[in-house]
Amino acid sequence: MNHQKSAALQSFKNEVGIKFQLYNSLFSSLPFHRIEKTGIHLALLLSNAEESYAMGKSPVEILDDFFAKNTPKADEAARLDLMFRFVQYTERQVVLFDALEDAAFTKVNDMNGAGTLKALAAEVVQNDLETNLHERLKDFGIRLVLTAHPTQFYPGEVLGIINDLSDALASDNATLINLLLMQLGKTPFLKDAKPTPYDEAVSLAWYLENVFYTAAGRLMTFLKAQFPDALPADNPIITMGFWPGGDRDGNPFVMADTTLKVADLLRTTIMKCYYREVRQLRRRLTFKGVVQPIIELEKQLYDHIFLPVSQTTLRKETIVDTLKQVLATLNQQHNGLMADLPEALLTKVEIFGLFFATLDVRQESTVHGRLMENVAAQGIALPKRYAQLSEPEKMNLLANISQTVDPIQLHDRVEADTLLTAATMRTIQQQNGEAGCHRYIISQTNSALNVMEVYGLLLLAGWQRETLTVDIVPLFETIDDLTHAEAVMRSLFEHPVYMAHLKRRQMQQTIMLGFSDGTKDGGYLMANFGIYKAKERLTTLSRQYHVHVLFFDGRGGPPSRGGGKTHKFYASMGQNIANNQIQVTVQGQTVSSNFGTVDAAQFNMEQLIHAGISSNLIGSRLNTMTAAQEALLTSLAEESLTSYLALKNHPNFFDYLGHASPLRFYADTNIGSRPTKRNAGNKLTLKDLRAIPYVGSWAQLKQNVTGYYGLGTALQSLHNRGQWPEVVALYQDSLFFRTLMENSEMAMKKTFFPLTAHLANHPVYGQIWQTIYSEYQLSRQMVERLTGRPLMGNYPVEQLSIEMRERIVLPLTTIQQYAITKVRQMEEQVMPGPLKSKYEKLVMRCSFGIINAGRNSV
């Protein structure tokens with residue numbers, strides 16, 4: 001271990017490990033009913049569980065032994081009550097650990113080290129790359145898109161406490177820490193009802209206002225100061241995206257009026273940010289010639305916040321011109337005194353405009369297909385024989401629609417609202433600017449027709465071809481869709497009407513690639529490499545047609561959903577993949593864990609900017625894989641796919657997940673507005689199951705199948721073929737492959753098979769459990785042989801963090817398995833008994849602490 005990692009590990013032990021033990025002891029002294037006894041019993045359960053799992057005992061045996069020894073006179077209801085108190089206590093331990101890690105962030109991470117903008121500045125100067133940087137920054141940027149995917153189990157009130165507690169911990173304010181711990185003890189973690197899409201938007205807008213506004217401003221101020229001549233005026237480098245209120249794929253609660261309301265929220269929120277900052281300017285810029293312009297700007301911002309948008313005329317240009325006028329006066333008449341203050345605000349206005357974040361609209365492709373067929377069936381805008389036509393014929397008809405349709409003419413509620421939403425996008429652009437809502441994403445895209453259906457939809461909604469300021473974004477998700485993406489895009493690039501649309505959009509085509517469904521469909525290795533190859537093919541195709549392709553990655557928190565060392569993936573993109581922009585979704589837990597504080601957000605945004613710029617300036621040739629390396633990775637991916645499909649296609653596979661995990665309780669967690677499955681039918685199937693509950697269930701089961709399964713078999717297969725030296729060379733030479741291995745190490749580090757070892761001899765599911773466990777053992781063995789170190793041995797701080805977090809929630813995973821077993825036993829009885837619903841609730845409540853402790857489990 002090098003000195004820097006050793007120092008970071010020691011800082012983590014001091015600032016997090018030791019302080020957790022110290023402040024954790026305060027919980028038992030808080031003035032709450034029976035809390036001291038709860039803490040003592042919980043510590044006993046943890047100790048007993050660790051010893052008992054080592055002896056091969058099951059969760060039922062562990063808890064039955066615990067109750068017999070420690071609460072022998074308690075009836076079943078009293079034992080249930082104690083387990084619920086264990087859950088509440090552990091949830092708050094996890095919050096304390098989160099807050100401690102947030103407070104220690106700047107001490108554990110080198111804020112000026114590798115991957116930061118200061119490191120980038122040094123690299124540019126050392127390698128004499130100023131001219132190259134200037135060229136790179138003309139069109140480079142990062143776009144972080146906040147989504148409302150249900151992976152955040154903390155309610156807003158608890159997130160606020162974490163934020164305040166981390167500040168108090170950073171300053172060692174013992175009085176405030178104690179007060180916040182008491183507040184935490186009284187604050188419920190369970191939501192009584194599912195949030196509405198607007199509720200989700202309000203929650204994520206808090207991060208825009210309190211984190212990203214400041215962090216993005218800091219970053220751009222640094223870049224302007226460091227490279228004053230390199231930053232183009234028309235490229236803000238950092239942009240934000242937003243899905244709550246715009247993403248209606250499978251969510252019947254997102255309607256056109258929701259989208260409009262959220263756009264208004266975003267505009268009002270950024271105006272509040274500007275207003276507060278202008279108020280601060282008034283306190284400092286009290287000089288002749290600048291006071292009056294600032295007062296007038298303050299009034300205009302105030303009116304824009306509180307008056308209907310139809311009664312205000314404030315535009316981004318007005319704010320920019322006023323600030324530039326103030327800057328000119330300061331420089332000409334006051335020697336530039338405090339000019340940095342309006343300059344900082346001007347930088348933020350250039351980034352966020354009047355929209356704060358681009359509100360993306362997303363809908364599933366079959367909705368558009370049905371809409372067009374129903375429009376045609378009524379003889380409106382399309383011929384009645386439309387449904388019988390070929391795909392090219394349909395595409396030509398859609399490209400030449402000349403008639404608008406009123407949504408009230410459509411009888412299906414979803415279809416009518418889809419049409420209304422297309423028209424609403426124009427209203428949002430008029431109020432927030434074009435950047436406020438200019439992307440329509442089509443999930444489940446599997447043909448060029450799917451894209452032209454949205455083109456036709458926009459025409460039906462009243463958009464004109466020549467002024468159509470909407471980018472249509474196909475989303476390719478499954479392994480088959482990724483394979484066929486090139487053919488789909490070729491058909492579009494060959495279509496004269498669509499190509500004319502691209503010319504009006506500066507020849508830019510955004511293509512979204514989904515990691516979650518790809519992993520569910522084809523396993524970890526094939527999904528990741530499949531997306532890599534799809535990007536290569538699409539880049540080559542786009543260059544042939546002189547189209548600037550922008551890739552938008554739908555990534556989740558865990559490695560199996562494209563998370564983990566995200567910045568390393570972008571640093572590993574070679575010359576064969578377009579990397580002009582880094583566009584990525586930031587979901588649920590990842591928002592709070594990676595971007596929950598200004599320091600963390602700035603650090604992680606710097607890592608992405610550094611990765612995108614340095615990969616092009618410095619590492620492009622180094623990171624481009626050779627044909628031989630890609631052939632080797634193809635062999636690995638195909639072997640892993642065969643292994644994963646053998647497991648997934650086992651007749652008892654999905655039933656096993658439902659039997660052993662909390663999958664069926666996901667819908668009761670009330671963490672998101674979106675249903676857990678796409679199909680509205682009663683029966684839950686693997687096809688309809690969304691990736692988040694699928695991955696999250698494996699995570700709570702502590703088997704994490706989606707993060708490694710098939711990897712061990714693939715590595716062993718090449719080893720047996722005599723290709724192991726080539727695999728080792730690939731690991732040493734390819735940053736992309738190393739990152740794949742490192743992320744898989746994280747997934748395996750979070751497994752704990754003793755939790756479910758009692759299923760090894762189950763008459764129905766024993767074979768599947770043993771198959772999964774064998775693949776885990778093989779994957780771990782082969783990866784450790786490849787890396788030459790234990791899992792995550794190259795990341796000692798994260799390794800220790802995971803170990804501590806997993807230990808904190810060991811009682812919860814044990815209780816959850818115990819409760820799942822009790823529910824099954826009761827369901828097998830003719831009369832389940834009155835406590836069944838209590839055990840079901842206990843299963844669901846355990847999910848909160850388990851998922852939150854993982855920080856990127858779903």
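Everything here concerns the structure above.
These notes cover the structure that comes with them. On a predicted model such as this, the values are computed, not experimentally measured, just so you know. (Residues numbered from 1 in each chain as written. Predicted model: local features only at pLDDT ≥ 70, side-chain atom pairs only at ≥ 80, totals over all residues. Heavy atoms only, no water.)

Details of the overall build of the protein chain
Here is the rule: Every helix listed is a DSSP run of H or I at least four residues long, and every strand listed is a run of E at least two residues long, numbered separately from the N terminus. As defined in this context, the radius of gyration uses C-alpha atoms, and a globule is described by 2.2 Å times the residue total to the power 0.38. The classification of residues rests on relative accessible area computed with a 1.4 Å probe and restricted to protein chains. Under 20% of the type maximum is buried, over 50% is exposed, and intermediate values are partly exposed. Throughout, a contact is declared for two residues whenever any of their heavy atoms are within 4.5 Å. Only the protein chains shown count as covering a residue, and every accessible area follows the Shrake-Rupley method with a 1.4 Å probe. Only four residue types enter the charge count, namely Lys and Arg as positive and Asp and Glu as negative; His and the chain termini do not. Charge positions are represented by NZ for Lys, CZ for Arg, CG for Asp and CD for Glu.
Helices and strands together make up the secondary structure of the protein chain, namely 36 helices and 9 strands. In terms of overall dimensions, the protein chain is globule-like: its C-alpha atoms have a radius of gyration of 28 Å, near the 29 Å expected for 858 residues. Considering the protein chain as a whole, with its 858 residues, one finds that 61% of them fall into the buried category. A separation threshold of at least 6 residues defines the contact pool for the protein chain, and within that pool the share at least 24 residues apart is 81%. Entry remark: accessible area of the protein chain is about 33000 Å², with carbon and sulfur atoms responsible for 51%. Across the protein chain, the centroid of the 84 positively charged side chains sits 3 Å from that of the 85 negatively charged ones.

Things to note about the sheet that holds strand β7 (residues 508-514)
Using the following cut-off: DSSP bridges decide pairing: two strands pair if at least two such bridges lie between them.
Strand order across the open sheet formed by 9 strands is β3-β2-β1-β9-β8-β7-β6-β5-β4, with parallel pairing between neighbours. The open sheet has two free edges, formed respectively by β3 (358-359) and β4 (361-364), since each of these has just one partner strand. Bridging between β4 and strand β5 (residues 439-443) involves 4 bridges; their strand directions are parallel. Bridge pairing in β5 places Val-361 opposite Tyr-440.

Some thoughts on the environment of Ser-310
Position of Ser-310 relative to the elements: it lies in the loop between α12 (291-306) and α13 (316-333). Between the alpha carbons of Ser-310 and Gln-431 there is a distance of 8.6 Å; along the sequence they are 121 residues apart.

Looking at the packing of aromatic side chains
Formally: Here is the rule: rings of Phe, Tyr and Trp (six-membered ring for Trp) pair when centre to centre is within 6.5 Å. Planes less than 30 degrees apart are stacked, more than 60 are edge-to-face, and the remainder are tilted.
If you walk through the whole model with that rule in mind, you get 30 aromatic pairs. Ring plane angle 90 degrees and centroid distance 6.2 Å describe the contact between Trp-243 and Phe-552, whose orientation is recorded as edge-to-face. Of this pair, Trp-243 sits in the loop between β2 (238-242) and α11 (256-284) while Phe-552 is found in strand β8 (residues 548-554), placing the two residues 309 residues apart along the sequence. Here Trp-243 matches Phe-552 in class, with each residue buried. For the ring pair Tyr-773 and Tyr-776, a centre distance of 6.3 Å and an interplane angle of 20 degrees mean the geometry is stacked. One end of the pair is Tyr-773 and the other is Tyr-776, both in helix α33 (residues 766-787) and 3 residues apart, which spans about a single turn.

Observations concerning the pattern of salt bridges
Selection rule: Any carboxyl oxygen of Asp or Glu within 4 Å of a side-chain nitrogen of Lys or Arg constitutes a salt bridge here.
Evaluated as defined, the whole model comprises 41 salt bridges. Between Lys-749 and Glu-803 there is a salt bridge whose closest N-O contact spans 2.9 Å. Of this pair, Lys-749 sits in helix α32 (residues 735-749) while Glu-803 sits in helix α34 (residues 796-808); the two residues are 54 residues apart in sequence, bridging distant segments of the chain. The class for Lys-749 is buried, based on a relative accessible area of 19%. With a shortest N-O distance of 3.2 Å, Arg-780 and Glu-784 are connected by a salt bridge. With Arg-780 and Glu-784 both in helix α33 and 4 residues apart, the pair spans about one turn of that helix.

A short note on the side chain of Asp-102
Relative to the helices and strands, Asp-102 resides in helix α4 (residues 76-103). Accessibility expressed as a relative area gives 14% for Asp-102, which makes it buried. Ignoring any residue separated from it by four or fewer positions in sequence, one finds Asp-102 in contact with Ile-162, Ser-166, Thr-597 and Arg-855.

Some thoughts on the environment of Asn-400
Filter applied, for reference: In protein, a polar contact means a hydrogen-donor-capable atom and an acceptor-capable atom, both N or O and within 3.5 Å, with residues adjacent in sequence counting only if both atoms are side-chain atoms; elsewhere, any N or O pair within 3.5 Å suffices.
Inspection of the secondary structure puts Asn-400 in the loop between α16 (391-399) and α17 (413-432). Along the sequence, Asn-400 and Gly-707 sit 307 residues apart, while their C-alpha atoms lie 46 Å from each other. At 2.7 Å, the side chain of Asn-400 forms a polar contact with the backbone oxygen of Asn-396.

Focus on the packing of α11 against α17
The description of two helices packed together rests on the angle between their axes and the distance between the axes. Operational definition: Axis lines are fitted to C-alpha atoms, over the contacting stretch for helices. Their N-to-C directions set the angle, which ranges from 0 to 180 degrees. Oblique is the label for every angle not falling under 35 degrees (roughly parallel), over 145 degrees (roughly antiparallel), or within 65 to 115 degrees (roughly perpendicular). By convention, the crossing between two helices is left-handed when the near helix turns anticlockwise from the far helix through less than a right angle, and right-handed when the turn is clockwise. Following the grouping adopted for this structure description, the nonpolar residues are Ala, Val, Leu, Ile, Met, Phe, Trp, Tyr, Cys and Pro, the charged ones are Asp, Glu, Lys and Arg, and the polar ones are all others, Gly among them.
Two numbers describe how α11 lies on α17: the axes approach to 8 Å, and their chain directions differ by 20 degrees. When the axis of α11 is compared with that of α17, the two are roughly parallel. Considering how the two elements wind past one another, α11 and α17 form a crossing that is right-handed. Judged by residue contacts, Ala-256, Thr-259, Leu-260, Ala-263 and Arg-267 of α11 engage Asp-417, Leu-420, Thr-421, Thr-424, Thr-427, Ile-428, Gln-431 and Asn-432 from α17. For the contact of α11 with α17, the class distribution of residues is 5 nonpolar, 6 polar and 2 charged.

Re the pairing of β2
The element β2 is largely enclosed, with a buried count of 5 among its 5 residues. Burial along β2 is two-sided: the residues Ile-238, Met-240 and Phe-242 and Thr-239 and Gly-241 are all buried. In this sheet, β2 lies alongside strand β1 (residues 141-147) in parallel orientation, the contact comprising 5 bridges. Residue pairing for β2: Leu-146 is matched across the bridge by Phe-242. When β2 meets β3, the two strands line up parallel, connected through 2 bridges. The partner of Phe-242 across the bridge, within β3, is Leu-359.

Describing helix α27 (residues 627-648)
For the record, the criterion: Helix span is expected to be 1.5 Å times the residue number reduced by one.
For α27, which comprises 22 residues, the first-to-last C-alpha distance of 31 Å matches the rise-based estimate of 32 Å (1.5 Å per residue) to within 8%. Within the sequence span of α27, burial applies to Gln-629, Glu-630, Leu-632, Leu-633, Leu-636, Ala-637, Ser-640, Leu-641, Ser-643, Tyr-644, Leu-647 and Lys-648.

Some words on the environment of Ile-380
Looking at where Ile-380 falls in the secondary structure, it is placed in the loop between α15 (365-377) and α16. Note on Ile-380: relative accessible area 9%, which makes it buried. Spatially, the C-alpha atoms of Ile-380 and Gln-403 are 7.9 Å apart, while their sequence positions differ by 23 residues. The residues contacting Ile-380, other than those within four sequence positions of it, are Val-375, Gln-403, Val-405 and Gln-409.

What to know about unusual backbone geometry
We note that Met-507 has phi near 60 degrees; this positive angle belongs to a residue other than glycine. Examined against the element boundaries, Met-507 turns out to sit in the loop between α20 (496-504) and β7. With a phi close to 60 degrees, Met-792 is a non-glycine residue in the positive phi region. Here Met-792 is to be found in the loop between α33 and α34.

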